[in-house]
Amino acid sequence: MVNIHNIMEEQVISRINQLYDQVKAKGTAWLTCDCENCRLDTINYVLNRVPPRYVVSGRGVAYNAAIIRDSLQLSADIDRLGLEGMKLVSTAKRPYHKSEKLNTDKNPRMPVPVYNFPTFVGNVYDGSTFEPLNGAEVLLKCGGEKAEMMDSSWSNPCKTFAAAKGSFTFWVVPYKAEAEKENKEFTFTIEATMEGYTPVIYSFSVPLVSEINDKRELNSVYSLKIQDIFLFRSDIINDEE
């Protein structure tokens, strides 16, 4: 079996731990905690926003490690995203950060029928240039209310980032059902906004069948790609409207 490895993991893990140690040593006020879970949340935040580099051989490790080491832009991106993630993790109300991570108030661990949602994945682009938008805010609603996330480290609303090429993701908590194998269609609304652009609202439906097992482990295969969202600058007329 071929052993494939993303060498960005070591780079990000090492750098984030360095950043935590540096910020803690300075006594920075906004750093409220630097426990292992907080550090892991920040590492995960960064790894989801930087391009991976996969290798299958020692030569590949050496080659890619040299590229990463000499890439000033990549190092700057890791530092920027690392500080961004540290601030988000430190300021968010995350009661699980020294215990269980899951949003158990919304998703109790009981053998009851529930509707398990796939992770939602989408992208926001400039409608004129078709370039990914950096800094767009994306809000997910279900039934007119802000959708609750499975894990409190997932943001709703969330922002798009250049390193992630305008992508956004959501993971909604399971909804309780009356019985197993019930069919129900859920309607979600995406509200995408960005300064200087005309806001866009996009709705989509997700048909689900209830099941007894509430899926607490993230499964990247069980995902739904949302239609690409295009924002047009407010000073440009959209001919498609």
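Residues numbered from 1 in each chain as written. Predicted model: local features only at pLDDT ≥ 70, side-chain atom pairs only at ≥ 80, totals over all residues. Heavy atoms only, no water.

(A) Representation of the nonpolar core. The biggest cluster of nonpolar side chains holds 31 residues, and the ones touching the most others in it are F120, L140, F168, F170, F188 and I190. Contributions of two or more residues to this core are made by β4 (119-126), β5 (137-142), β8 (167-170), β10 (183-193), β11 (200-209) and β13 (229-231). If you tally residues by element for this core, the top one is β10, at four residues. Excluding its chain neighbours within four sequence positions, the residues that come into contact with I190 are V138, L139, L140, F168, F170, V200, I201, Y202, F204, I226 and I229. Core analysis: the second largest hydrophobic core is formed by 20 residues, M8, L31, L74 and I78 among them. (Core = buried A, V, L, I, M, F, W, Y, C linked by side-chain atoms within 4.5 Å. Buried < 20%, exposed > 50% of the residue type's maximum accessible area, 1.4 Å probe, protein only. Helix = DSSP H or I, 4+ residues; strand = E, 2+ residues; numbered from the N terminus. Contact = heavy atoms within 4.5 Å.)

(B) A look at the pattern of salt bridges. Under the criterion given, the structure shown has eight salt bridges. A salt bridge links D34 to R39, with the nearest nitrogen and oxygen atoms 3.1 Å apart. We classify R39 as buried; its relative accessible area is 14%. Connected through salt bridges with shared partners, the residues D21, K24, D34 and R39 form a single ionic network. (Salt bridge = Lys/Arg side-chain N within 4 Å of Asp/Glu carboxyl O.)

(C) Region of interest: helix α2 (residues 36-47). Counted at 1.5 Å a residue, the expected span for α2 with its twelve residues is 16 Å, and the 16 Å between its end C-alpha atoms agrees. Where α2 is concerned, the buried positions are C38, R39, D41, T42, I43, Y45 and V46. Structurally, α2 contributes buried residues whose contacts are with α1 (8-25) and α4 (72-91). (Expected span 1.5 Å × (residues − 1).)

(D) Spotlight on the packing of aromatic side chains. Throughout the structure, instances matching the rule amount to twelve aromatic pairs. Considering the side-chain rings of F188 and F204, the 5.6 Å spacing of their centres and the 20 degrees angle between planes classify their relative orientation as stacked. Linking F188 in strand β10 with F204 in strand β11, this pair joins segments that are 16 residues apart in sequence. In this structure, F188 and F204 share a single accessibility class: buried. Centre to centre, the rings of Y202 and F204 are 5.9 Å apart; their planes meet at 20 degrees, and the pair counts as stacked. For F204, a relative accessible area of 9% gives the class buried. Among the aromatic residues, those joined into a cluster by ring pairs are Y115, F117, F120, Y175, F186, F188, Y202 and F204. (Phe/Tyr/Trp six-rings, centres within 6.5 Å; stacked < 30°, edge-to-face > 60°.)

(E) Looking closely at the environment of P207. With respect to the helices and strands, the residue P207 is situated in strand β11. Taking the relative accessible area as the measure of exposure, P207 reaches 60% and is therefore exposed. C-alpha separation for the pair P207 and E185, spaced 22 residues apart in sequence, amounts to 4.1 Å. If sequence neighbours within four positions are ignored, P207 has contacts with K184 and E185.

(F) Seen up close, the side chain of R39. Inspection of the secondary structure puts R39 in helix α2. Only 2.9 Å separates the side chain of R39 from the side chain of D21, close enough to count as a polar contact. Engagement of the side chain of R39 in a polar contact is seen with the backbone oxygen of D34, the distance being 3.1 Å. Among residues more than four places away in sequence, those in contact with R39 are I16, N17, Y20, D21 and D34. (Polar contact = N/O pair within 3.5 Å; in protein donor to acceptor, adjacent residues only side chain to side chain.)

(G) Spotlight on the pairing of β10. Direction of pairing for β5 relative to β10: antiparallel, over a ladder of six bridges. Bridge pairing links L139 to E191 in β10. Both β10 and β11 contribute to a ladder of ten bridges, which runs antiparallel. Across the sheet, residue E185 finds its bridge partner in β11, namely P207. (Pairing = 2+ DSSP bridges.)

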